[in-house]
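# Chains, contacts and geometry: an overview
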Amino acid sequence: LGTPHEAAASFGLLCALPYVNDEACAIETAKRNLDNITALLWDGKGFNDRPKVSGRVPNKLATLAQALLTLAEVTHDSSYHAYAKAALEDVLRYQVKTGPFAGAIHQYAPGAGTGDGRFFPYYAARCVPPLLQAYEVFGDARYLEAARLTLEFLKNSMATDGSWPQIVYDNTKLASWPR
């Protein structure tokens, strides 16, 4: 257990449920992983990126939220909703709302403070499905608006060849490689 992004394995397992031989075992495996991630990374307000190190990585939190929302749906256990909401509230907190970087999501927030001014379009795109899932589960239009803003950022940061820079910095510089 090291980061919230490890929840992607549980999310993949939950998505594969229709194709596995032992659904109960698959659900229990995903639940055990997500419960361990929660116990290890939850600081009472949100999820840190590493054990005992205060800091948030929004795209990883979105992955965790998506896994938690899916687990709640599969198990009919809404206790996971509060953790998913907390993770997504941090995604919203680190999204730029206005200006030339509207829709961008900071890559990292050391000490769970302000964002670091680095925006990774690919990681921002990773946040869209969990935001839409949260909108469907909770009916909170802020999640839908955040997804819409992220798509605007992706449109605005796309290169003419259809690719995205690796990093967009808040000082307008770009790191175009590696792609």
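Before any of the text, the structure's been laid out above.
A few points on the structure. Just so we're clear, the structure is a prediction, and the values are computed from it rather than from any experiment.

### Digging into the packing of helix H3 (residues 58–75) against helix H5 (residues 121–138)
Running from N to C, H3 and H5 point in directions that differ by 35°, and their axes come no closer than 8 Å. Judged by the twist between their axes, the crossing of H3 over H5 is left-handed. Here Pro58, Asn59, Ala62, Thr63, Gln66, Leu69, Thr70 and Glu73 of H3 lie close against H5, whose contacting residues are Tyr123, Arg126, Cys127, Pro129, Pro130, Gln133, Ala134, Val137 and Phe138. When its residues are assigned to classes, the contact of H3 with H5 shows 10 nonpolar, five polar and two charged.

### Examining the packing of helix H4 (residues 79–93) against helix H6 (residues 141–157)
Put simply, H4 and H6 touch, their axes get as near as 11 Å, and they point 45° apart. Relative to H6, the element H4 is oriented oblique. Considering only the axes of H4 and H6, their crossing is left-handed. Touching Lys85, Leu88, Glu89 and Leu92 of H4 are Arg142, Tyr143 and Ala146, all from H6. Taken together, the residues of the contact of H4 with H6 sort by class into four nonpolar, no polar and three charged.

### A short note on the pattern of salt bridges
Two side chains of opposite charge can pair, provided their charged atoms sit close to one another. This structure, assessed with the given rule, holds 10 salt bridges. With a shortest N-O distance of 2.9 Å, Arg142 and Asp140 are connected by a salt bridge. Overall, Arg142 belongs to the partly exposed group, its relative accessible area being 42%. We classify Asp140 as partly exposed; its relative accessible area is 22%. We note a salt bridge from Glu152 to Lys155, for which the minimum N-O separation is 3.5 Å. One end of the pair, Glu152, and the other, Lys155, are both in helix H6, three residues apart, so they sit about a helical turn from each other.

### Considering the nonpolar core
One finds Leu34, Phe47, Leu64, Leu68, Leu88, Val91 and Leu131 to be the most contacted residues of the largest nonpolar core, which totals 34 residues. Considering every element that reaches this core, the biggest residue donor is H3, with nine residues. What Phe47 contacts, discounting residues up to four positions off in sequence, is Thr38, Leu41, Trp42, Gly55, Arg56, Leu61, Leu64, Leu68, Tyr83 and Ala87. Core analysis: the second largest hydrophobic core is formed by nine residues, Phe101, Ala124, Leu154 and Trp164 among them.

Conventions adopted
Residues numbered from 1 in each chain as written. Predicted model: local features only at pLDDT ≥ 70, side-chain atom pairs only at ≥ 80, totals over all residues. Heavy atoms only, no water. Axes fitted to C-alpha atoms, helices over the stretch in contact; angles between N-to-C directions. Helix = DSSP H or I, 4+ residues; strand = E, 2+ residues; numbered from the N terminus. Left-handed = near helix turned anticlockwise from the far one by under 90°. Contact = heavy atoms within 4.5 Å. Nonpolar A, V, L, I, M, F, W, Y, C, P; charged D, E, K, R; others polar. Parallel < 35°, antiparallel > 145°, perpendicular 65-115°, else oblique. Salt bridge = Lys/Arg side-chain N within 4 Å of Asp/Glu carboxyl O. Buried < 20%, exposed > 50% of the residue type's maximum accessible area, 1.4 Å probe, protein only. Core = buried A, V, L, I, M, F, W, Y, C linked by side-chain atoms within 4.5 Å.

From the geometry alone we can't say anything about function, so treat these as descriptive.
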